[in-house]
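The primary structure of each chain is shown beneath.
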Amino acid sequence: MTLPTTALLDAIHFAATKHRDQRRKDPAASPYINHPIRVAQLLASTGTVTDLVTLQGALLHDTVEDTDTTPDELTELFGPEVQQVVAEVTDDKSLPKGDRKRLQIEHAPHLSHRAKQIKMADKIANIQDVTLSPPADWSAQRRQDYLDWSEQVVAGCRGANAALEALFDQSLAQGRQVLEPVAS
Ligand code: NDP
Ligand code: ZN
């Protein structure tokens, strides 16, 4: 039987290996792995989540979407529940970008409790990035559009974790403050 601490470190190691050549879109091109670690950390710290499948799912949430990782690989190494929750938060990359963004909004209310929490933590991490370290080529309008879209996705996740919701709302308000400062 694998200890929970070992299982978590196995997931971090796997994700770090799979994302090793990828960078985030911020001007400093931060290592990609910073993002899934941040999502898992938000779940554990703010969300007080202790469920191992949820935390492993967070660490692995972008492996199938953004690397050569297959669902079967996740099932083999981490079990069917982890594979399932990753599948729930994975976009179908064969679809046009606009459809994928619309489907995230439509699917959110139907996600499992685990996937809703991961989705909220993912959106917190990304709107904080869009506020504080956005891609260099994004206009203010594009950043605002991202905040608006994230709010619509998270609307479908509400009820799954009150502390994560509160942090999302606070982060969204901060983002809007930065992007649309109130005239004084
Ligand atoms: P993208 O989906 O292209 O990029 C956002 C995603 O990139 C995030 O969800 C996150 O995904 C990842 N990411 C990596 N680094 C960062 C970072 N520093 N800050 C934020 N996100 C980061 O962006 P859009 O949602 O804006 O794109 C939607 C579509 O609209 C695209 O087709 C785009 O080309 C198009 N478009 C929109 C414009 C607009 O004004 N809204 C203008 C031009 C084009 P993850 O969590 O998975 O890592
Ligand atoms: Zn993500």
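Scroll up a little and you will see the structure.
Reading guide: rules and limits
Residues numbered from 1 in each chain as written. Chains lettered and ligands numbered in written order. Predicted model: local features only at pLDDT ≥ 70, side-chain atom pairs only at ≥ 80, totals over all residues. Heavy atoms only, no water. Helix = DSSP H or I, 4+ residues; strand = E, 2+ residues; numbered from the N terminus. Contact = heavy atoms within 4.5 Å. Near = heavy atom within 4 Å. Polar contact = N/O pair within 3.5 Å; in protein donor to acceptor, adjacent residues only side chain to side chain. Salt bridge = Lys/Arg side-chain N within 4 Å of Asp/Glu carboxyl O. Buried < 20%, exposed > 50% of the residue type's maximum accessible area, 1.4 Å probe, protein only.

A few words now on the side chain of His35. One can find His35 in helix α2 (residues 34-45). For His35, the residues in contact, after removing those within four places along its chain, are Arg24, His61, Asp62, Asp122, Ala125 and Asn126.

Attention now moves to the site of ligand 1. Not every one of the 18 residues close to ligand 1 is listed here, only the nearest: Arg24, Tyr32, Lys101, Asn126 and Tyr146. Asp145 places a polar side-chain atom, nitrogen or oxygen, 3.2 Å from a nitrogen atom of ligand 1. Between ligand 1 and Tyr146, the relevant distance is 2.5 Å, taken from an oxygen atom to a side-chain nitrogen or oxygen of the residue. Elements supplying a minimum of two residues to the shell around ligand 1: α7 (97-107), α8 (113-132) and α9 (140-155). Considering every element that reaches the shell around ligand 1, the biggest residue donor is α8, with 4 residues.

Now for the pattern of salt bridges. Evaluation of the coordinates by the stated rule reveals 14 salt bridges. With its nearest N and O atoms 3.5 Å apart, the salt bridge here joins Asp129 to Arg24. Pair noted here: Asp129 is in helix α8 and Arg24 is in the loop between α1 (4-18) and α2, with a separation of 105 residues, a long-range link. Between Glu165 and Arg158 there is a salt bridge, with the nearest N and O atoms lying 3.4 Å from each other. Glu165 sits in the buried class, given a relative accessible area of 16%. What makes Arg158 partly exposed here is its relative accessible area of 33%. One network of salt bridges, in which partners are shared, links Lys18, Asp68 and Glu73.

Keep in mind these values describe shape, not function.
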